[in-house]
Amino acid sequence: METQKDYLEKRKTPLEGYRQERVVMLVDMNSYFASVEQVANPALRGKPIAVGGEGRTVIVTASYEARKYGVKTGMTVPEARKLCPHIIFVHGNLDKYIDTSHRIHKIFLEFTDYVDVFSIDECFLDITHLVRKGSGAQDVGMAIKKRLKEEFGLICSIGIGPNRLIAKLASKFQKPDGLVEVSKEEIPELFSNLPVEELQGVGIGAKLSHKLNTLNIYTAKDIGDASISMLTSYFGVMGYHLKRMGRGEDDSKVRKYWEDDEVKSVGHSYTLPKDTRDLKVIKSYLRVLSEKVGNRLRAANLTGRTIGLVVRYSDFHTIIKHCTLKHHIKSGYDIYINAYKVFEKLLPLLKAVRLLGVNISNLLRDDKQQYFLDDISKQQKVVEMVDDINRKYGEFTLKPSSMLIADKFGK
């Protein structure tokens, strides 16, 4: 059996030098939403499926069986059905995907505290300490893949490198179910033939790629070799970032799991099953969205006092309005009352409503100090009781009767 030392010697990488470098891993869950749905429903396994919202929508993700027909994220339902007539559409369940992500994170945390959540289906892990203790980076990757497969039935692609940039890039090279490691010594050769278009998703988009091509910059190495004066003259301060990227350099750290970014706002939006001017229906959806926002706010132990409302009409014209209160709130009912006050300023409706969104910002940590008055304290106890029941038996097991209108309309 090949030892770690044998492997490193074969790669002509000095063992001690290798161990002194950072070792960063990017775990990318493959076709995540669709895969979770296929695991949850055996009837969907091995079949082309696409996940999206209820009713008219674009595709959020497609299974690999669907991708073989050319179905891609961002396509409309008719476009996908034209490519794959027998495709199965599944209404996405964000709560399910978030819950699964949290359980996946627990597995990562068994390997390292440095788990930096990049998105709902991607995490950076810093495993430098494991490699310094003698573990092989690829062995760690294989162990993680095995756990994910055994416990969730899910597959992932893993990229390993000396920094976040290279790890992210390496994760794209083999999909699905890949495991690719790129050492610091391999970067120059890799970048000499890597088109700048391949850097999309790691810091360079399609428009920037096109602009670089017009400057005769076609590979990642070309970016690294370009003069900083030329890059900054065309791209300003970003030119420095591009130069470092072209050299495969990235000093950004992988944060510990609990080092979350400060939450700036909490919100929910929803595209209605069909356009409507019915105020009873609109008010019911506003209550649903407000309750969801309140639930998340309380779960994060936060309060807020700036209410935001998003209204998109049938012609896609979108209105965004805010109001700031004198005091902080966190209950769904309080959020709803103020969101509807903002909505009333848009009446009478001249066009049907297509989408509604509610958010709250101007946040503070909830120190419980504002609930000393008896009447407010009693209201808070009721809210906490409802939260406990819904956490135990499922979201909206207990809910306001006004939300039933949204249920009947097609929530």
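This structure is a prediction, so every number in the text was calculated from the model and none was measured.

## Topic: the pairing of strand β12 (residues 353-365)
Both faces of the sheet carry side chains from a regular strand, because those side chains alternate between them. Across the 13 residues of β12, ten count as buried, placing the element largely inside the fold. When strand β9 (residues 265-276) meets β12, the two strands line up antiparallel, connected through eight bridges. Bridged to threonine 271 within β12 is leucine 355.

## A short note on the pairing of strand β10 (residues 302-313)
Here β10 lies mainly inside the structure; ten of its twelve residues are buried. For β10 and β12, the ladder comprises eleven bridges, and the chain directions are antiparallel. Within β12, the position partnered with glycine 308 by the bridge is asparagine 359. Where β10 lies against strand β11 (residues 318-329), eight bridges are found, and the strand directions are antiparallel. Directly across from leucine 309, in β11, lies its bridge partner lysine 321. The antiparallel pairing of β10 with β11 creates a hairpin that spans four residues between the two strands, and phenylalanine 316 there sits at a positive phi of about 75°.

## Remarks on the nonpolar core
Most often, soluble globular proteins keep nonpolar side chains buried together rather than apart. Counting 33 residues, the largest nonpolar core has Met25, Val27, Phe108, Leu125, Ile127, Ile144 and Leu148 as the members making the most contacts within it. Those elements giving two or more residues to this core turn out to be β1 (24-29), α3 (32-40), β2 (49-52), α6 (94-109), β6 (122-126), α7 (128-132), α8 (137-152) and β7 (156-161). Of all the elements, α8 adds the most residues to this core, at five residues.

## With respect to the packing of helix α15 (residues 279-299) against helix α16 (residues 332-344)
Look at α15 against α16: their axes get within 8 Å of each other, and the N-to-C directions meet at 135°. Accordingly, the angle class assigned to the pair α15 and α16 is oblique. For the pair α15 and α16, the sense of crossing is right-handed. Of the residues in α16, those touching α15 at Leu279, Ile282, Lys283, Leu286, Arg287, Ser290, Glu291, Val293, Gly294, Leu297 and Arg298 are Gly332, Tyr333, Ile335, Tyr336, Ala339, Tyr340 and Phe343. Of the residues that constitute the contact of α15 with α16, the class distribution is eleven nonpolar, three polar and four charged.

## Digging into the sheet that holds strand β8 (residues 179-181)
Sheet architecture is open: five strands sit in the order β5-β6-β1-β7-β8, paired in mixed fashion. Taken across any chain shown, the strands that pair with only one partner, and hence form the sheet edges, are β5 (115-119) and β8. The average undirected angle you get between the axes of adjacent strands in this sheet is 15°. Where α8 meets the sheet, its contacts fall on β1, β6, β7 and β8, and the angle it forms with β7 comes to roughly 160°.

What counts, and at which threshold
- Residues numbered from 1 in each chain as written.
- Predicted model: local features only at pLDDT ≥ 70, side-chain atom pairs only at ≥ 80, totals over all residues.
- Heavy atoms only, no water.
- Buried < 20%, exposed > 50% of the residue type's maximum accessible area, 1.4 Å probe, protein only.
- Helix = DSSP H or I, 4+ residues; strand = E, 2+ residues; numbered from the N terminus.
- Pairing = 2+ DSSP bridges.
- Core = buried A, V, L, I, M, F, W, Y, C linked by side-chain atoms within 4.5 Å.
- Axes fitted to C-alpha atoms, helices over the stretch in contact; angles between N-to-C directions.
- Parallel < 35°, antiparallel > 145°, perpendicular 65-115°, else oblique.
- Left-handed = near helix turned anticlockwise from the far one by under 90°.
- Contact = heavy atoms within 4.5 Å.
- Nonpolar A, V, L, I, M, F, W, Y, C, P; charged D, E, K, R; others polar.

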